[in-house]
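What follows is each chain in one-letter form.
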Amino acid sequence: MWKYADITRDEFEKIKDHVEDIMVAHGAVVQDMDLPYSRKTTTVHRDSNAIVWESHRKVYKYNELYYRIDELCFDEKPYIVAEVGTYDELMKNTMEDADPFPWDLSKEEMENEVSFFLGEKPYPTK
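Described in the following lines is the structure provided in the data block. (Residues numbered from 1 in each chain as written. Predicted model: local features only at pLDDT ≥ 70, side-chain atom pairs only at ≥ 80, totals over all residues. Heavy atoms only, no water.)

**Things to note about the packing of helix α1 (residues 9-25) against helix α3 (residues 107-117)**
Then comes step 1: Relative orientation of the contacting elements α1 and α3 amounts to 60°, with a least axis distance of 10 Å. Classified by the angle their axes make, α1 and α3 are oblique. Crossing of α1 over α3 shows right-handed handedness. Of α3, the residues touching α1 (which contributes Ile15, His18, Val19, Ile22 and Met23) are Met110, Glu111, Val114 and Phe117.
Then comes step 2: Grouping the amino acids of the contact of α1 with α3 by side-chain chemistry returns seven nonpolar, one polar and one charged. (Axes fitted to C-alpha atoms, helices over the stretch in contact; angles between N-to-C directions. Helix = DSSP H or I, 4+ residues; strand = E, 2+ residues; numbered from the N terminus. Parallel < 35°, antiparallel > 145°, perpendicular 65-115°, else oblique. Left-handed = near helix turned anticlockwise from the far one by under 90°. Contact = heavy atoms within 4.5 Å. Nonpolar A, V, L, I, M, F, W, Y, C, P; charged D, E, K, R; others polar.)

**A short note on the side chain of Ser115**
Then comes step 1: On the secondary structure map, Ser115 appears in helix α3.
Then comes step 2: The class for Ser115 is buried, based on a relative accessible area of 5%.
Then comes step 3: Every residue in contact with Ser115, bar those within four places of it in the chain, is listed here: His26, Glu120 and Lys121. (Buried < 20%, exposed > 50% of the residue type's maximum accessible area, 1.4 Å probe, protein only.)

**Side note on the pattern of salt bridges**
Then comes step 1: Applying the stated criterion across every chain, the model contains 12 salt bridges.
Then comes step 2: Here Glu13 makes a salt bridge to Lys16, at a shortest N to O gap of 2.9 Å. Note that Glu13 and Lys16 are positioned in helix α1 at a spacing of three residues, about one turn of the helix. Take Glu13 and Lys16: they sit in the same class, and that class is buried.
Then comes step 3: Its salt-bridge partner being Lys16, residue Glu71 comes within 2.6 Å of it at the nearest N-O pair. Linking Glu71 in strand β5 (residues 65-73) with Lys16 in helix α1, this pair joins segments that are 55 residues apart in sequence. Residue Glu71 shares its accessibility class with Lys16, and that shared class is buried.
Then comes step 4: Because the salt bridges share partners, they merge into one network encompassing Arg9, Glu13, Lys16, Asp17, Glu20, Arg57 and Glu71. (Salt bridge = Lys/Arg side-chain N within 4 Å of Asp/Glu carboxyl O.)

Pasting the structure below:
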């Protein structure tokens with residue numbers, strides 16, 4: 001069950017589409033491939049409510065690595081996360097998550113997040 005009042009599932013999916021558009025603008029290329037597994041994202045909250053979503057996100061290639069946009073549904077709000085890995089990791093569904101970021105960033109902040117996970121800019125140190 002979707003539990004957020006500030007954004008609908010459809011609106012959230014459109015934000016993820018926008019992140020993919022930014023990736024393409026940075027040179028990422030959509031890969032036309034069938035994966036050997038079904039993509040499902042499941043998040044269980046502290047209150048035991050689960051959000052299960054079958055993802056049909058595209059796979060992108062940028063500088064020899066593969067990327068797919070996913071989500072992390074934290075209690076306070078949903079976050080966007082890029083999965084990153086090699087072709088072998090993609091095929092085995094063992095890609096690593098980059099740092100997640102909230103869905104409600106400004107356009108400039110969203111651009112920066114894409115630059116960070118694509119490796120164009122280093123993540124800022126805290």
